[in-house]
Structures are given as structure tokens and as C-alpha cells.
Amino acid sequence: MLQKMPPKDEPLIIARGARPLGILPGMANRHGLIAGATGTGKTVSLRVLAEQFSAIGVPVFLADVKGDLSGIAKPGGDHAKVAERVQELGLSGFSFQGFPVVFWDLFSEQGHPVRTTVSEMGPLLLSRILDLSDTQADVLTLVFRVADEQGLLLLDLKDLQAMVRYAGEHAKELKTAYGNISPATIGAIQRSLLALEDQGGSRFFGEPALDPSAFIRHSGERGVINILAADRLLQSPRLYSTFLLWLLSEIYEQLPEVGDPEKPALVFFFDEAHLLFSDAPKVLLEKIVLVVRLIRSKGVGVYFVTQNPLDLPDDVLGQLGNRVQHALRAFTPKDQKAVRAASETMRQNPDLDTKTAITELRTGEALVSFLDHKGAPGVTERAFIYPPKSRLAPLTPDERREVIQSSPFSGTYDKTLDRASAYEMLASRTETVTTPKEAPGRSAQPRVRQPASTPRKAGADVLTKMAGSAARAAGSQVGREIIRGILGSLAKK
């Protein structure tokens, strides 16, 4: 039996201590935190929250970093400990069920392909993926600027590689307008691009580009749970974290302002959240904080999943109103500091020693604090997280294939498109106009080779669809500058 949408004031119950505890749908867009040491139950908490949101019609996006969340698509009942927890908590009427799922994969192996264009990613986020120095990042920004002003679309990696090469070869000509471009800096950027290509970056950049609104879908009365296969992606942590940040910023720029809705338009889970902030330059951290603060007004809730609350900057941590804190260990002075910090960031309960309790929690047990009707943090309580209703065991390859083939996106993003862009346009500039030998009595006509182009249907043309200025720039050699959004992505029209 499907769960009906509760009234705005009725919480989504996810845990039970002395009483049932849950998140108010109307406060779910005020973000949250799931924290705890490895093996303490964070993934189960994430799964239960995702199920509850889906059940009331809220779409969910989450990354499957361990490869064990695909079973959400099937009813549970396959694990003895789940049945034991149901009995322990006295959950009458508890029923197992699967949830609507769509699988995605940057490598196009375990789900629908996920692509964006180089232009949409922008120089700031690309600089982070490529681990560029400040000087190298400035030159990459310059490369984007030159491409924008000359109407050279940067769609895939070969476009960017060609554009970087062009900037190096024309450094003297560009120096007056843009400043010095050293061969060493160009070489460093080129090597970083080759390394990204070796990691599979060429699959990620290209067309058709993913429309992030694809994640906001429903199946009947339930929200679709979008699962990104991230077990392989996590081997390239900068690509993983920067991709999720890009996706979050794209969703922010697409959605309208809604204030505080009765329930979120989307809930976004950011697993291994410490990777987002690790070694991030100050300018990027400032923009991350800005996106997290502003996206709430778009009806999007962001839930960070990490081992330690100290992994997150204070400016972000202060915005996470809904908390699920699993056990932390206190073996070293650093561990003890983390325990103290975690206990201090939750609203104190006079009947509970939070600091001591964090080190004593069993697997599946947590300290929880959710926002009340006025948006104030609730008193911290010790509770057991509800068991999931879906299957704990991952899908078999055949089961996953069946879900992918029956998806509404089957065939939409599968075939890569390669139209004329910076690579082809720059190549055409190097071709010389050749004049064949004159035949007696015949005047020679110049033979000019035109750059190839591949027409695309308007519905699939991401730059026409998502950034009219970019499409206009393609029509002239000196195009209009592409406008980018809060994190360097193309502004939406």
C-alpha cells in the first residue's frame, strides 16, 4: 500500500526513540546532515529518507558511492536484521515495497549517460577538476573568453584541447588584449586535459547534454529516485565532487523561486561531502556556500552525508537544520575534538549527555534533531532509524538492465552527437584555398572547402534550448560573449 501525502504539519517518521521522530515536509528544503563513522548506518539513513521523500511525491537525487543502493527499485524482506528491527520497534503495518528508480552513469555503463558541455561547466569548475594553479586557472578563463568572443563553441574535450592549442600558438597576438600566455602554462593545461581524458572525461563532455530537469520526475504519486552510479567515479574524487556541484548549480539556475513550499521540489543527497570542500579555493568555497544558501528558495533540500561534521565549513554547517548523527569514535585527540564539535552543533537535551552518547551509539542508532514548525531545531533525541522498505541487496546485472530499458529516458541520451564546434572551426581556418591548374580556354575557379556541420533537432540542441546567447554566437565568426551563471555555467534564458 502506497503512502499518501501527509498534511504539511505531519512529519515523515524515520526514527523512534521515546517517541516517533521525523522531518516535516515543509521544513525539508532547509537542508540536512547525516554524519557518522564508517559502518554506523549512514547509508541506511540515507535510504530511509529517500524512500520517505519518494513516497510523498518528492523526487530524489543520490550518488551510489558503494554500489549498494540499486535495490531501492525492489521490495525488501531479504535481510533478517530488517525483520528484527521491525519487530524491535513494533512497527505495525510495516510493508516492503520497491520505489521508482532511474539509473545514471557518467561512464555510460550502469545507467543512462550523463553529459554536459565544456561551455556549461565553465572555467572555474574545470580548473578544479584539472587541479590547476591560480595562474593556470586564469589562462583557462582567458581561453574561454577568446572562444566566446570568436563564436567558437566549446562542447567536448577535443574542442577545449584545440582552443588551448590555438591560444598557445597565437600567444603573441593575444598578449595585447588579454595578457601574457606562457608556453609552460599552456603545456601544463594540456597535460591536465590529457589526464582527464584518460580518466574518462571525454565521455562526460559532449552532447546531447543532460537537462537537469530530468531529475524532477514522478511515477504516479511517488517521486522518482535518481541513482548515479558513483563507485567507479569516486576513484576520481575531484571529478565526482565537481560534477555534483555543477549539477546542483544547474538545478538552482533552472528552477523558479518558490519560497517555502509544502514539500520540496527535489531532495539532493551529497554523499562523501568532504570531497566537495577538500582543497577547494576560496572563491569556489564562497560560491558553494552561496548556492547552498539560495537553493532553498527554489524548493530544493540538500543533505550532506559525511563522516564528521567538521568536514564541512561553518558557513555550510550552520544551514543544515535537520540532523542525523550516528556514532563517532574517540580514540585519538582529533577524534575527541570531532565528538565534542558534533555534540555542540546539536540542540542540547538536559536529559541526554550528547557527547557521551555519540560514542556509545549502536549500528543503526543515531542522535536526531529536526526543525519544528517554526524552523527551530528540535531537542536532540536518541533513536533507532527505521528499517528500509526496499531490498538491501543490489540488483543483479539483468535486473538493472531491465530497469534501464524500461526507463522514460531509454534512447534519449544514448547516442553521442558531434556537430561542428571549436575543433572543426579552428581546423577549417588552417585550410588554404587551393586553385587548380587552368585548363586551356577555361578560367580557374577557386575551390573552398566548407567546414562540416551536423544538423541537430531543436529539442536536442542544448545550447539553443538552454542558452540562446551561445547559439547566436555560433552564427558568426566573432560571436557574442556567452553569459555564465553563478558557478560558470551558461545562463538560462
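Residues numbered from 1 in each chain as written. Predicted model: local features only at pLDDT ≥ 70, side-chain atom pairs only at ≥ 80, totals over all residues. Heavy atoms only, no water.

J.: Provide a residue-level description of the pattern of salt bridges, including the pertinent values.
T.: The final tally for this structure, using the stated rule, is 15 salt bridges. The closest approach of N and O atoms between glutamate 109 and arginine 232, which form a salt bridge, is 2.8 Å. You can see glutamate 109 sitting in the loop between β5 (101–105) and β6 (112–113) and its partner arginine 232 sitting in the loop between β9 (225–229) and α9 (237–254), a full 123 residues away along the chain. Under the relative-accessibility criterion, arginine 232 is labelled partly exposed at 34%. The salt bridge involving glutamate 360 is made with arginine 382; its shortest N-O contact spans 3.8 Å. Of this pair, glutamate 360 sits in helix α14 (residues 354–360) while arginine 382 sits in strand β14 (residues 381–385), and the two are 22 residues apart along the sequence. Judged by its relative accessible area of 45%, glutamate 360 is partly exposed. Taking the relative accessible area as the measure of exposure, arginine 382 reaches 29% and is therefore partly exposed. (Salt bridge = Lys/Arg side-chain N within 4 Å of Asp/Glu carboxyl O. Helix = DSSP H or I, 4+ residues; strand = E, 2+ residues; numbered from the N terminus. Buried < 20%, exposed > 50% of the residue type's maximum accessible area, 1.4 Å probe, protein only.)

J.: Requested: an account of the packing of aromatic side chains, with residues and values cited.
T.: In this structure the tally under the stated criterion is 17 aromatic pairs. Aromatic side chains phenylalanine 204 and phenylalanine 243 sit 5.4 Å apart centroid to centroid with 85° between the ring planes, which places their arrangement in the edge-to-face category. One end of the pair, phenylalanine 204, is in helix α8 (residues 201–204); the other, phenylalanine 243, is in helix α9, with 39 residues separating them in the sequence. The exposure classification of phenylalanine 204 matches that of phenylalanine 243, with both residues buried. Each member of the aromatic cluster is reached from another via a ring pair, and the members are Phe61, Trp104, Phe215, Tyr240, Phe268, Phe270, Phe277, Phe304, Phe409 and Tyr413. Here the guanidinium or amino end of arginine 232 rests over the ring plane of phenylalanine 107, the centre of that ring lying 4.0 Å away. We note arginine 400 situated over the ring of phenylalanine 103; from NZ or CZ to the ring centre the distance is 4.4 Å. (Phe/Tyr/Trp six-rings, centres within 6.5 Å; stacked < 30°, edge-to-face > 60°. Lys NZ or Arg CZ within 6 Å of the ring centre and 35° of its normal.)

J.: Give me the lowdown on the sheet that holds strand β11 (residues 300–306), citing residues and values where you can.
T.: Taken in spatial order, the 12 strands make up an open sheet running β2-β1-β14-β13-β12-β3-β11-β10-β4-β9-β5-β6, and their pairing is mixed. Strands at the two margins of the open sheet, each flanked by one partner only, are β2 (20–23) and β6. In this sheet, strand β12 (residues 322–325) lies alongside strand β3 (residues 32–35) in parallel orientation, the contact comprising four bridges. Bridging across to β12, isoleucine 34 finds its partner in valine 324. (Pairing = 2+ DSSP bridges.)

J.: I'd like a rundown of the environment of threonine 242, residues and numbers included.
T.: Note on placement: threonine 242 falls in helix α9. We classify threonine 242 as buried; its relative accessible area is 0%. Considering only alpha carbons, one finds threonine 242 and isoleucine 129, 113 residues apart in sequence, at a separation of 6.6 Å. Excluding residues within four positions of it along the chain, threonine 242 makes contact with Met121, Leu125, Arg128 and Ile129. Engagement of the side chain of threonine 242 in a polar contact is seen with the backbone oxygen of arginine 238, the distance being 2.6 Å. (Contact = heavy atoms within 4.5 Å. Polar contact = N/O pair within 3.5 Å; in protein donor to acceptor, adjacent residues only side chain to side chain.)

J.: Explain helix α16 (residues 422–430) to me, using residue names and the numbers behind them.
T.: Residues of α16 that are buried include every one of Ala422, Glu424 and Leu426, and no others. Among the structural elements, α5 (157–169) are those in contact with the buried residues of α16.

J.: Any details on the side chain of serine 407? Residues and values, ideally.
T.: Relative to the elements of secondary structure, serine 407 occurs in the loop between α15 (397–405) and α16. Among the polar contacts listed, one links the side chain of serine 407 to the backbone nitrogen of phenylalanine 409, at a separation of 3.0 Å. Among residues more than four places away in sequence, those in contact with serine 407 are Val102 and His112.

J.: An account of the nonpolar core is requested, with residue identities and associated values reported.
T.: Core analysis: the largest hydrophobic core is formed by 88 residues, its most contacted members being Trp104, Leu160, Met163, Leu228, Phe243, Leu244 and Phe304. For this core, the element with the highest residue contribution is α9, accounting for 10 residues. In this structure, Ala28, Val48, Tyr386 and Ile404 belong to the second largest nonpolar core, which totals 44 residues. (Core = buried A, V, L, I, M, F, W, Y, C linked by side-chain atoms within 4.5 Å.)

J.: Hey, could you go over the packing of α5 against helix α7 (residues 183–198) for me, with residue numbers and the actual values?
T.: Where α5 contacts α7, the axes come no closer than 10 Å and their chain directions differ by 170°. The orientation of α5 with respect to α7, classified from their angle, is roughly antiparallel. Regarding α5 and α7, the two cross each other, and that crossing is left-handed. Contacts between α5 and α7 pair Leu157, Leu160, Gln161, Val164, Arg165, Ala167 and Gly168 from the former with Ile186, Ile189, Gln190, Leu193, Leu194, Leu196 and Glu197 from the latter. (Axes fitted to C-alpha atoms, helices over the stretch in contact; angles between N-to-C directions. Parallel < 35°, antiparallel > 145°, perpendicular 65-115°, else oblique. Left-handed = near helix turned anticlockwise from the far one by under 90°.)

J.: Please set out the confidence of the model for the protein chain residue by residue, giving values where relevant.
T.: In the predicted model, the protein chain carries a mean pLDDT of 85, and the fraction of residues at 70 or more is 86%. This stretch, residues 432–481, has a pLDDT under 50; its non-local contacts, to residues over four places away or in other chains, come to 76 contacts. (pLDDT = per-residue confidence, 0-100.)

J.: So what's going on with the pairing of β5? Residues and values would help.
T.: A regular strand carries its side chains on alternate faces of the sheet. The buried fraction of β5 amounts to five of the five residues, a majority that puts the element mostly inside the structure. Residue alternation in β5 divides its side chains into two sets, Val101, Phe103 and Asp105 and Val102 and Trp104, and both sets are buried. Pairing of β5 with β6, which is carried by two bridges, proceeds in the parallel orientation. What sits directly across from tryptophan 104, in β6, is histidine 112.

J.: Outline the environment of glutamate 109, supporting the account with residue identities and numerical values.
T.: Once the C-alpha coordinates of glutamate 109 and alanine 229 are considered, the two residues, 120 residues apart in sequence, prove to be 8.8 Å apart. Here glutamate 109 is in contact with Arg203 and Arg232, once residues within four sequence places are set aside.

J.: Now, about the packing of helix α3 (residues 118–129) against α9: what can you tell me, with residues and values included?
T.: At a minimum axis distance of 10 Å, the contact between α3 and α9 shows a crossing angle of 155°. One way to sum up the angle between α3 and α9 is to call them roughly antiparallel. Like other packed secondary-structure pairs, α3 and α9 cross with a definite hand, here right-handed. Residue-level contacts link Glu120, Met121, Leu125, Arg128 and Ile129 of α3 to Arg238, Leu239, Ser241, Thr242, Leu245, Trp246 and Glu250 of α9. Its residues assigned to classes, the contact of α3 with α9 comprises six nonpolar, two polar and four charged. (Nonpolar A, V, L, I, M, F, W, Y, C, P; charged D, E, K, R; others polar.)

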